[in-house]
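Structure at a glance
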Amino acid sequence: LIVEPQVKQWLKPYVGGEELINGGLRWCLWLKEISPSELKIMPNVLNRLENVRKWRLTSATKSVQEYAEKAYLFTQDRQPKNNYLAIPEVSSESRRFIPIAFLTENIIASNKLQIIKEATLYLFGLLCSTFHNSWMRFVAGRLESRYSYAPSVYNNFPFPTPTDKQIKNIEEKAQAILDARAEHKTSSLAD
């Protein structure tokens, strides 16, 4: 139920690792570009922001306290301005491949996603490969027994130097993955 219809344009899907893998969406208020005049006509949103401000003031983290007066902003904004690759921070050790997906700039990535801005079809294919997933199993951390994908997995990956023909081949395979997913729109990546 939306009490303030003006809020619709500021509601954005919010996806973390759980949602990326198993489907579903959460929602957030993404107020980064909102003007004061737009904000003041939404008293319910202002009330929420006041609660955020008060909570931030009680935080033990100094940087969170400093954002109390900017309650309309996330304390960490790493949201890409274009489509991006999303990798869940935690994934089951029983999976042969970590589920990776392209997301649009309008889907807000939670802190439980590793993101790669301006990713290409070639990079998607490479990260979905047996080669990359073998590397990940060797170097990734663990959360209990699950894999914990961190930037160090990606940053230290021994990227190959492919020929144009190999790039084209990987791009074709990557597109085949995306096409297969498109045929099963109601299925999650876990499915």
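Shown above is the structure to which this text applies.
Now for a look at the structure at hand. (Residues numbered from 1 in each chain as written. Predicted model: local features only at pLDDT ≥ 70, side-chain atom pairs only at ≥ 80, totals over all residues. Heavy atoms only, no water.)

Our focus in this paragraph is the overall build of the protein chain. Looking only at helices and strands, the protein chain features eight helices and nine strands. Over its C-alpha atoms, taken along the principal directions, the protein chain stretches across nearly 55 × 35 × 30 Å. When each of the 191 residues of the protein chain is scored for burial, the buried share is 34%. Considering only intrachain contacts with a sequence separation of at least 6, the fraction spanning at least 24 residues in the protein chain is 61%. Counting every atom, the protein chain has about 11,900 Å² of accessible surface; 53% of that belongs to carbon and sulfur. Distance between charge centroids for the protein chain: 2 Å, based on 25 positive and 20 negative side chains. (Helix = DSSP H or I, 4+ residues; strand = E, 2+ residues; numbered from the N terminus. Buried < 20%, exposed > 50% of the residue type's maximum accessible area, 1.4 Å probe, protein only. Contact = heavy atoms within 4.5 Å. Areas by Shrake-Rupley, 256 points an atom, 1.4 Å probe, with all protein chains shown as cover. Lys, Arg positive; Asp, Glu negative; His and termini not counted. Charge placed at Lys NZ, Arg CZ, Asp CG, Glu CD.)

Before going further, it helps to examine the pairing of strand β7 (residues 113-117). In terms of burial, β7 is a largely internal element, four of the five residues being buried. When strand β3 (residues 84-88) meets β7, the two strands line up antiparallel, connected through five bridges. When the sheet's bridge partners are listed, I87 is paired in β7 with Q114. (Pairing = 2+ DSSP bridges.)

Another aspect to go through is the nonpolar core. Soluble globular proteins tend to pack their nonpolar side chains together in the buried interior. L85, I87, I100, I116, L127, M136 and Y149 are the most contacted members of the largest nonpolar core, which totals 16 residues. At the level of secondary structure, the elements contributing two or more residues to this core comprise β3 and α5 (121-127). The element contributing the most residues to this core is α5, with three residues. In contact with L127, not counting residues within four places along its chain, are L85, I87, I100, I116, H132, N133, Y149 and Y154. (Core = buried A, V, L, I, M, F, W, Y, C linked by side-chain atoms within 4.5 Å.)

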